[in-house]
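Read off the chains here:
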Amino acid sequence: MYHVRLIGHFIRASVQQELAYRANFFINVLHTVLSLITGILGIVVLFEQVNTINGWDFASTLALLGVYLTLSALRRLFIGPSLDSLAGMDGDIWRGTLDFTLLRPVSKQFLVSVRMWESFALVDLALGIGVLAAAVIELEHTVSLTDMLIFTLTLITGVMLLYSILLIFVSLVFWSPGFMFTWVFDGIFQMARYPLDLYPGWLRLVLAWVIPVGIMTTVPAQALTGGLSAAFLLGHLLLTTGLFIGASWFFRFALRRYASASS
Amino acid sequence: MNHRGGIVLIQATWASWLQYRSFFFVLAFGWMIPPLIYLFVWSTAAGEQTIGAFSRDAFIVYYLALILVNQLTYSQTNWTVGDVIRSGGLNPILLRPMPPLYNTLATEIAGKIVYMLFVVPITAVLALILRPEVDFELQHIVAFLPALSLAWMLRFFWGYGLALLAFWATRADALLAVQDSLLFLLAGQVAPIPLLPGVIRQAAVYLPFRYMIGFPIEILTGQLSAAEIGEGFFIQGCWLAVALGFSHLLWRYGIRHYTAVGG
């Protein structure tokens, strides 16, 4: 309960900060709408030319885009702003302001991961869910209640995967405080816009097992379209749990390198 | 006009940028991901067949060329012009005994060199991995070079004009974001122009965006007849004249409107 109350406080503080820059709201709306339009048109243009690519048609690829947008929105809501503030030349690690976080009597990883929120991402979230709904209507496969449940489960594991990978990338910042590891991740994450099966074999392996961004969106989309096998789902759950534990360990390991700003 | 000073400035900027090359490499990495995604998606979609006039190899060649052309014509200066105007950083630049355009030019050239150091080897490696069959014809290469230079000038002055609106509006860079989305859709990034759906394709031929990225690549890969190339150059020239005109006007009126910030 204590942690939930803390998160409540973090959200309130973040919203107050955001409200100070109200003109930004319209710029944000613009960016969100633009990325939605370009995302959808990208798929429309592709499927004007071909009907299916390796088993993916327009509706299922749209569902995958919906998953991608939803995950991006959740990332922007809290994981992103919290973790990004560690990296870069004006980040907490470079400037040594991580001291203030470390001194607080709460779990370090908890605090580092949820202390900043960007409420505008709720608009992104609504649009992502909207795209998902549109895709479900378009799908030839009727989505059953079990499909929905498995979809929700895989979406949650998707968020956990995303969080774990970001935590690993951010932990690397302790070795090289100025390097924008999260930007590198941003680039790779964009590849999750399209199903894994649309990439060549070697890249598929990388996006599934080395930096599993492809898994995050492909698995929930397959759950919706009914193309997910039970064995694969189990493997996915195990992978996610393993990665989450590994990432948490790696963060604690990296944190030991932190030497504050003073010499 | 103090041209010698300008040349020294260009050298100094280049040297200082090389110091931070890892930062710029990360940026360049992020920019080359979208074309890479479409390279993989389209070449997978083509498989053993052809889409329009494009085979798998044609898509690979097209998008590898696009990675290079996009990076060469991309002008990140356009994003910083607005900041310089808003923050009052324009003052020292105006006081120097040479045209302020040299400053922009210096960062442009420094940027091109630093980014190419990253993008050219990566593209070469990709070409070696993917091994597309390709032969360029001499006359296409000859026509490609002026088209590329004009594309760079057009993209640069077009964006420069938009950025100069910062003299009047504080968040003019929102327009640059819109411009980037239009470039994504209409310049041949999401798909080669001939594959766009009917109305959009016709619009793309007459709007300026194709002439910033797609047009030179279409020439290089031999997709255009001599008549189409001639027509393309004409449209490109017209838009360049427009861009030069309005960026020049905006600079003249803007600089009178400019009131410095700071001490």
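Residues numbered from 1 in each chain as written. Chains lettered and ligands numbered in written order. Predicted model: local features only at pLDDT ≥ 70, side-chain atom pairs only at ≥ 80, totals over all residues. Heavy atoms only, no water.

As a further point, take the overall build of chain A. Looking only at helices and strands, one finds 12 helices and zero strands in chain A. Helices and strands in chain A line up, N terminus first, as α-α-α-α-α-α-α-α-α-α-α-α. Computed over the C-alpha atoms, the radius of gyration of chain A is 19 Å, within 12% of the 18 Å expected from 2.2 N^0.38 for a compact globule of 263 residues. In terms of its C-alpha atoms, chain A occupies a principal-axis envelope of roughly 60 × 40 × 35 Å. Buried positions account for 50% of the 263 residues belonging to chain A. When the accessible surface of chain A is totalled, it reaches about 12,400 Å², and 68% of it is carbon and sulfur. In chain A, 14 side chains carry a positive charge and 14 a negative one; their mean positions are 16 Å apart. (Helix = DSSP H or I, 4+ residues; strand = E, 2+ residues; numbered from the N terminus. Rg over C-alpha atoms; globule rule 2.2 N^0.38 Å. Buried < 20%, exposed > 50% of the residue type's maximum accessible area, 1.4 Å probe, protein only. Areas by Shrake-Rupley, 256 points an atom, 1.4 Å probe, with all protein chains shown as cover. Lys, Arg positive; Asp, Glu negative; His and termini not counted. Charge placed at Lys NZ, Arg CZ, Asp CG, Glu CD.)

Let us look at the overall build of chain B. Summing up its helical and strand segments, chain B has 11 helices and zero strands in all. From first element to last, N terminus to C terminus, chain B shows the α and β order α-α-α-α-α-α-α-α-α-α-α. For 263 residues, the compact-globule estimate of 2.2 N^0.38 gives 18 Å, and chain B sits close to it at 19 Å. Seen along its three principal axes, the alpha-carbon backbone of chain B occupies a region of about 65 × 40 × 30 Å. Each of the 263 residues in chain B was classed as buried or not, and the buried ones make up 51%. On chain B, the mean spot of the 13 positive side-chain charges and the mean spot of the 12 negative ones are 16 Å from each other.

This part covers helix α3 (residues 56-73) of chain B. Here α3 of chain B spans 26 Å end to end across 18 residues, near enough to the 26 Å set by a 1.5 Å rise per residue. Along α3 of chain B, 14 of the 18 residues are buried, which leaves the element largely enclosed by surrounding structure. (Expected span 1.5 Å × (residues − 1).)

On to the side chain of S75 of chain B, then. Secondary-structure assignment places S75 of chain B in the loop between α3 and α4 (77-87). On the basis of relative accessibility, which here comes to 5%, the residue S75 of chain B falls in the buried class.

Turning our attention to the interface of chain B and chain A. Each partner contributes to the interface: chain B provides 29 residues, whereas chain A provides 30 residues. Summed over both sides, the interface of chain B with chain A buries roughly 2,700 Å², with 82% coming from carbon and sulfur. Our count for the contact surface shared by chain B and chain A stands at zero salt bridges. Remark: the boundary between chain B and chain A carries three residue pairs in polar contact (both at pLDDT 80 or more). Listing elements by their share of the side of chain B that touches chain A, those giving two or more residues are α2 (21-46) and α8 (173-186) of chain B. Sort the elements by how many residues they give to the side of chain B that touches chain A and α2 of chain B lands first, with 16 residues. Across the side of chain B that touches chain A, the residue classes break down as 24 nonpolar, four polar and one charged. (Contact = heavy atoms within 4.5 Å. Buried area = accessible area lost by both parts, 1.4 Å probe. Salt bridge = Lys/Arg side-chain N within 4 Å of Asp/Glu carboxyl O. Polar contact = N/O pair within 3.5 Å; in protein donor to acceptor, adjacent residues only side chain to side chain. Nonpolar A, V, L, I, M, F, W, Y, C, P; charged D, E, K, R; others polar.)

Residues and elements named next belong to chain A. In contact at an axis separation of 9 Å, helix α3 (residues 58-84) and helix α11 (residues 213-225) are set at 130° when each is read in the N-to-C sense. Comparing the axis directions of α3 and α11 gives the class oblique. In terms of crossing hand, the pair formed by α3 and α11 is right-handed. Two secondary-structure elements touch here, α3 through S60, A63, L64, V67, Y68 and L71 and α11 through M216, T217, T218, P220, A221, L224 and T225. (Axes fitted to C-alpha atoms, helices over the stretch in contact; angles between N-to-C directions. Parallel < 35°, antiparallel > 145°, perpendicular 65-115°, else oblique. Left-handed = near helix turned anticlockwise from the far one by under 90°.)

Another point: the packing of aromatic side chains. Here the structure, examined in full by the defined rule, presents 34 aromatic pairs over all chains. By way of ring pairs, the aromatic residues W42, F54, F59, Y62 and Y63 of chain B are connected into one cluster. (Phe/Tyr/Trp six-rings, centres within 6.5 Å; stacked < 30°, edge-to-face > 60°.)

Of note, T182 of chain A is situated in helix α9 (residues 181-190). Apart from the residues within four sequence positions on either side, T182 of chain A is in contact with R75, D84, L166 and V170 of chain A.

Turn by turn, an α-helix covers 3.6 residues, leaving residues three or four places apart pointing in a common direction. Burial analysis of α9 of chain A places seven of its 10 residues in the buried class, the great majority of the element. All buried positions along α9 of chain A are accounted for by F181, T182, V184, F185, G187, I188 and F189 of chain A.

With that settled, consider the packing of helix α2 (residues 24-49) of chain A against α2 of chain B. To describe two helices that pack against each other, one gives the angle between their axes and the distance between the axes. In contact at an axis separation of 11 Å, α2 of chain A and α2 of chain B are set at 20° when each is read in the N-to-C sense. Classified by the angle between their axes, α2 of chain A and α2 of chain B sit roughly parallel to one another. In the crossing of α2 of chain A with α2 of chain B, the sense of the turn from one axis to the other is right-handed. Touching G42, V45, L46 and Q49 of chain A of α2 of chain A are Y38, V41, W42 and A45 of chain B, all from α2 of chain B. The residue makeup of the contact of α2 of chain A with α2 of chain B, split by class, is six nonpolar, two polar and no charged.

Let us look at the pattern of salt bridges. All names here are of chain B. Inspection of every chain in the model, using the stated rule, returns six salt bridges over all chains. As a salt-bridge pair, E108 and K112 come within 2.8 Å of each other at their nearest N and O atoms. Remark: K112 and E108 occur in helix α6 (residues 101-130); sequence separation between them is four residues, near one turn of the helix. Exposure class is identical for E108 and K112. Each is buried. Among the ionic pairs, E218 bridges to R210, the shortest N-O distance being 2.8 Å.

Let us now look at the nonpolar core. The biggest cluster of nonpolar side chains holds 159 residues, and the ones touching the most others in it are L46, F189, Y194 and V213 of chain A together with W42 of chain B. Those residues in contact with L46 of chain A that sit more than four places away from it in its chain are I53, Y194 and L198 of chain A together with V41, W42 and A45 of chain B. Counting five residues, the second largest nonpolar core, distinct from the first, contains L9, I10, M98 and A106 of chain B. (Core = buried A, V, L, I, M, F, W, Y, C linked by side-chain atoms within 4.5 Å.)

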